[in-house]
Every structure is written in C-alpha cells, then in structure tokens.
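Listed below are the residues making up each chain.
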Amino acid sequence: VIGKTHKDILKELYQYDDYKINLFEKAWMPKIEERSFLLYDKLIEGVKKYLEDLDTFGAKLYLVTARQNEENVIWQMKLLGLENIFKEILVTKQKISKAKLIEPRINRDQENWLIGDTISDIETGKKLNINTLAVLSGFQGRELLEKSSPDLILNKIIDFK
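Residue numbers run consecutively from 1 along every chain, following the written order of its sequence. Side-chain atom pairs in this predicted model are given and counted only at pLDDT of 80 or more, local residue features only at pLDDT of at least 70, and totals for whole chains, interfaces and linings cover all residues. As a convention, hydrogens and water are excluded, and side-chain values are obtained from all of the structure's heavy atoms.

Could you clarify how one ought to interpret the nonpolar core in this entry?
Proteins that are soluble and globular tend to have nonpolar side chains buried together. With 18 residues, the main nonpolar core has Tyr-50, Leu-51, Met-77, Leu-82, Phe-86, Ile-89 and Ile-157 as its most contacted residues. Helix and strand definitions here come from DSSP, where helices need a minimum of 4 consecutive H or I residues and strands a minimum of 2 consecutive E residues; each element is numbered from the N-terminal end. Of all the elements in the fold, those that place two or more residues in this core are α4 (47-56), α5 (70-79), β2 (88-91) and β4 (131-135). Per element, the largest residue contribution to this core is 3 residues, and it comes from α4. In what follows, a contact means two residues having at least one pair of non-hydrogen atoms within 4.5 Å. Dropping the residues within four chain positions of it, Tyr-50 is found in contact with Ile-157, Ile-158, Phe-160 and Lys-161. Core analysis: the second largest hydrophobic core is formed by 6 residues, Ala-99, Ile-102, Ile-106 and Ile-130 among them. The set of buried Ala, Val, Leu, Ile, Met, Phe, Trp, Tyr and Cys residues whose side-chain atoms join them within 4.5 Å is what this entry labels a nonpolar core. Think of it in three bands: with a 1.4 Å probe and only protein chains considered, a residue is buried below 20% of the maximum accessible area for its type, exposed above 50%, and partly exposed in between.

When you look at the pairing of strand β3 (residues 113-116) in this model, what are you seeing that I'm missing?
Successive side chains on a regular strand alternate, one facing one side of the sheet and the next facing the other. Going residue by residue along β3, you find Leu-114 and Gly-116 tucked away on one face and Trp-113 and Ile-115 left uncovered on the opposite face. Both β3 and β4 contribute to a ladder of 4 bridges, which runs parallel. Bridged to Ile-115 within β4 is Leu-133. Once the chain exits β3 it traverses helix α7 (residues 119-127) before rejoining the sheet at β4, and the crossover so formed is right-handed. For two strands to be treated as a pair, DSSP must find at least two bridges joining them. Seen with the strands pointing away from the viewer, any crossover whose path from the first strand over the helix to the second strand runs clockwise is right-handed.

Is there a simple way to think about the pairing of β2 in this case?
Alignment of strand β1 (residues 62-65) against β2, held across 4 bridges, turns out to be parallel. From the neighbouring strand, Leu-63 faces β2, where its bridge partner is Ile-89. With respect to chirality, the unit in which β1 leads through α5 into the neighbouring parallel β2 is right-handed.

Would you mind showing me how to read the environment of Lys-4 here?
As for its placement among the helices and strands, Lys-4 is situated in the segment before α1 (6-14). Between the alpha carbons of Lys-4 and Gln-94 there is a distance of 20 Å; along the sequence they are 90 residues apart.

Just to check I follow, could you spell out the side chain of Gln-140 for this structure?
Residue position: Gln-140 is located in the loop between β4 and α8 (142-146). Judged by relative accessible area, Gln-140 falls into the buried class, the value being 10%. In the analysis that follows, any N or O atom pair within 3.5 Å is treated as a polar contact, provided that within protein one partner can donate a hydrogen and the other can accept it, and provided that, for residues neighboring in sequence, both atoms belong to side chains. Of note is the side chain of Gln-140, whose polar atom sits 2.7 Å from the backbone nitrogen of Ile-119.

Function-wise, these values are silent; they only describe arrangement.
Printed below as a string of structure tokens:
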C-alpha cells in the first residue's frame, strides 16, 4: 500500500499493538536482509550504465543504507555488479544515523546531492544542507515525499541529469 509504513499496515489490517509490532520487526528486519531474499531485488533498467557514466565523469558516489547486515549489502552490490562504482558503501546497521555517516564526506566546495526514496532520506539531506532528490521508485508515493519538500522529484534516478 503506497504511502503506508509496515507499522500502519500491521495496525490497520491486523490490529497489532506496539508490542506485536516490535516482535514482528525483530523477526522481519533480519529476515529481509538474508541473501535468499536479496536475490529478489532487481536493478531499475538502465541504472547500472547510468551510475557507471556518473562515475566515469568524476562524480563521487556513495551508497548509504539503513540496512543492518553490511556483509550482505556488499555481497549484493557485487552480485549486481555495482561494488566498484561507489567510493564507499555505508551501512547504518540501525545504530548510527545516515547524517552522521554522510556529513564527514561532504565536500562543501562541490555540488552535493542526496538521492533517496524516503521522507527520512530527504530530511537527512535537508539537515545536512545539501540538495535533495526524491525518487518515486520506493514504497513512499509522491504525495508523501512532497511533504518533505525535496529540491526535485523524479520517477527514477536515471531521469536525473
């Protein structure tokens, strides 16, 4: 359901209370990061070439994710052929904020963009005072993402010029 968090869905459809939601999250989060589930992830058509072109033109690309299992993130990037495109792969492990990971890597002498598909991503960019691009390829819809006032909203990253 576009625009709804898993918490919203669990509360509305299954009448879960906070205790049950907490139990669900403890079991669900590690499960969705298992390699068997990561095999279901597919790249948006054209994104690999797009990122390679950006890399070739000198853009410094960082992958920043709120996932918990760093080893499996790196495994997945290798599987998708993306591991050499990113200057660094940064994983919050649900213990450190994306802002804390990103801030020391910002070069204020250059144009910086945070590209993300969640309100949290856009809020992070705003907090760091850098340009923000919301992409509609995630589970949050345009209406929700507009509330975070990104500098730009596009359907897919490959639409960013």
